[in-house]
Amino acid sequence: MLRLSIIATLLVACTSQEVPDVEPDASLVADMQIGIGLDGSEGFLAVDDGEDTVLSSGAQGGYHVWTAPRFRGAMGTVYLDRKARRVEDGLLVLRASRLVLEIPEGAMDDWWHEDQAFPSFMCPPPIGIQIYDSEIEFTFELLNEDEELLATDTLRLTPRCPEGDEYCLSTCSG
């Protein structure tokens, strides 16, 4: 997991792909929207709260959701904190390592996101917590170098095991 976090931190790129607009939060300095990776781990795809997503198998036998935030109104060195909770009981299922991002100046006016989505590790979960078929709320916070909150967003998704993947069902059942 640490290796994936380091790799994700080092991957900094922008894209010219157009994405739909969202309403800004006037109380914060910047805007952020959580989406999922297109075609697995790449790009950004806007999704609505409550949508299903397929758990992706990882190199070490675990499963994750490819999450992809996009930003507008921020630039320079920023920090991204990510966590996830199971909605039904509020249990914490993810507290990811802080990511350091370098957001280009162009993101002050237009949406920007990394080319590579970030793996949000889900399984194996803490003992007794079933992940698949459970609604999970992802919360992302973007902070500047002074630890001031620039933007925040939440997204509720229901991770599902790939069809016929018995290993996923057993690994993600807690």
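Residues numbered from 1 in each chain as written. Predicted model: local features only at pLDDT ≥ 70, side-chain atom pairs only at ≥ 80, totals over all residues. Heavy atoms only, no water.

Novice: What's the story with the overall build of the chain in this structure? I'm lost.
Specialist: A tally of regular secondary structure across the chain gives 2 helices and 11 strands. Secondary structure elements in the chain, listed N-terminal to C-terminal, are α-β-β-β-β-β-β-β-β-β-β-β-α. For the chain, with 174 residues in total, the buried portion stands at 45%. Considering only contacts within the chain whose residues lie at least 6 apart along the sequence, 73% involve residues at least 24 apart. As displayed, the chain has an accessible area near 9000 Å², and 49% of this comes from carbon and sulfur atoms. (Helix = DSSP H or I, 4+ residues; strand = E, 2+ residues; numbered from the N terminus. Buried < 20%, exposed > 50% of the residue type's maximum accessible area, 1.4 Å probe, protein only. Contact = heavy atoms within 4.5 Å. Areas by Shrake-Rupley, 256 points an atom, 1.4 Å probe, with all protein chains shown as cover.)

Novice: Mind showing me how you'd approach the side chain of Thr67 here?
Specialist: Note that Thr67 resides in strand β5 (residues 63–72). Residue Thr67 is classed as buried on the basis of its relative accessible area of 0%. When near neighbours in sequence (up to four residues on either side) are disregarded, Thr67 contacts Gly35, Ile36, Arg82, Ala117, Phe118, Ser120, Phe138 and Phe140.

Novice: Mind showing me how you'd approach the nonpolar core here?
Specialist: Among soluble globular proteins, nonpolar side chains are generally buried collectively. Counting residues in hydrophobic clusters, the biggest one holds 38 residues, and the most contacted among them are Leu55, Leu80, Ile103, Met122 and Leu142. Of all the secondary structure elements, the ones that give two or more residues to this core are β1 (31–38), β5, β6 (76–86), β7 (92–95), β8 (99–103), β9 (118–123), β10 (136–143) and β11 (149–160). Beyond its immediate sequence surroundings of up to four residues, Leu80 is in contact with Met32, Pro69, Phe71, Ser97, Arg98, Leu99, Leu101, Phe118, Phe140, Glu141 and Leu142. (Core = buried A, V, L, I, M, F, W, Y, C linked by side-chain atoms within 4.5 Å.)

Novice: Before we go on, may I ask you to explain the environment of Gly35 in this structure?
Specialist: Looking at the secondary structure, you find Gly35 in strand β1. The exposure class of Gly35 is buried, given its relative accessible area of 0%. Distance from Gly35 to Asp49, taken between C-alpha atoms, is 9.9 Å for residues 14 residues apart in sequence.

Novice: Explain the state of the cysteines here, please?
Specialist: Two cysteines form a disulfide when their sulfur atoms are joined by a covalent bond. Tallying each qualifying case throughout the model produces 2 disulfides. Paired by a disulfide, Cys123 and Cys172 hold their sulfur atoms 2.1 Å apart. Here Cys123 and Cys172 share a disulfide; its torsion about the S-S bond, 120°, makes the bridge right-handed. Remark: Cys172 occurs in the segment after α2 (166–171) and Cys123 occurs in strand β9; sequence separation between them is 49 residues. Pair check on accessibility: Cys123 and Cys172 agree, each one buried. Here Cys161 engages in a disulfide with Cys168; their sulfurs sit 2.2 Å apart. (Disulfide = S-S within 2.5 Å.)

Novice: What am I meant to see in the packing of aromatic side chains here?
Specialist: Within a pair of aromatic rings, the relevant descriptors are the distance that separates the centres and the angle that separates the planes. Scanning all chains against the criterion turns up 2 aromatic pairs. Centre to centre, the rings of Tyr63 and Tyr167 are 6.2 Å apart; their planes meet at 45°, and the pair counts as tilted. In this pair, Tyr63 is assigned in strand β5 and Tyr167 in helix α2, connecting sequence segments 104 residues apart. (Phe/Tyr/Trp six-rings, centres within 6.5 Å; stacked < 30°, edge-to-face > 60°.)

Novice: Explain the pattern of salt bridges here, please?
Specialist: Two side chains carrying opposite charge are able to pair once their charged atoms lie near each other. If you walk through the whole model with that rule in mind, you get 8 salt bridges. Here Arg86 makes a salt bridge to Asp89, at a shortest N to O gap of 2.3 Å. One salt bridge connects Glu147 with Arg98, and the closest N-O pair in it is separated by 2.8 Å. Of the two residues, Glu147 is situated in the loop between β10 and β11 and Arg98 in the loop between β7 and β8; the sequence distance between them amounts to 49 residues. What makes Arg98 partly exposed here is its relative accessible area of 35%. (Salt bridge = Lys/Arg side-chain N within 4 Å of Asp/Glu carboxyl O.)

Novice: Whenever I open this one, the confidence of the model for the chain confuses me. Can you help?
Specialist: Per-residue pLDDT for the chain has a mean of 85; in total, 84% of the residues score no lower than 70. Model confidence for the chain, summarised as mean pLDDT per element, is weakest for helix α1 (residues 2–10) at 35 and strongest for β10 at 98. pLDDT under 50 marks residues 1–22. Its contacts with residues more than four places away, or in other chains, come to 38 contacts. (pLDDT = per-residue confidence, 0-100.)

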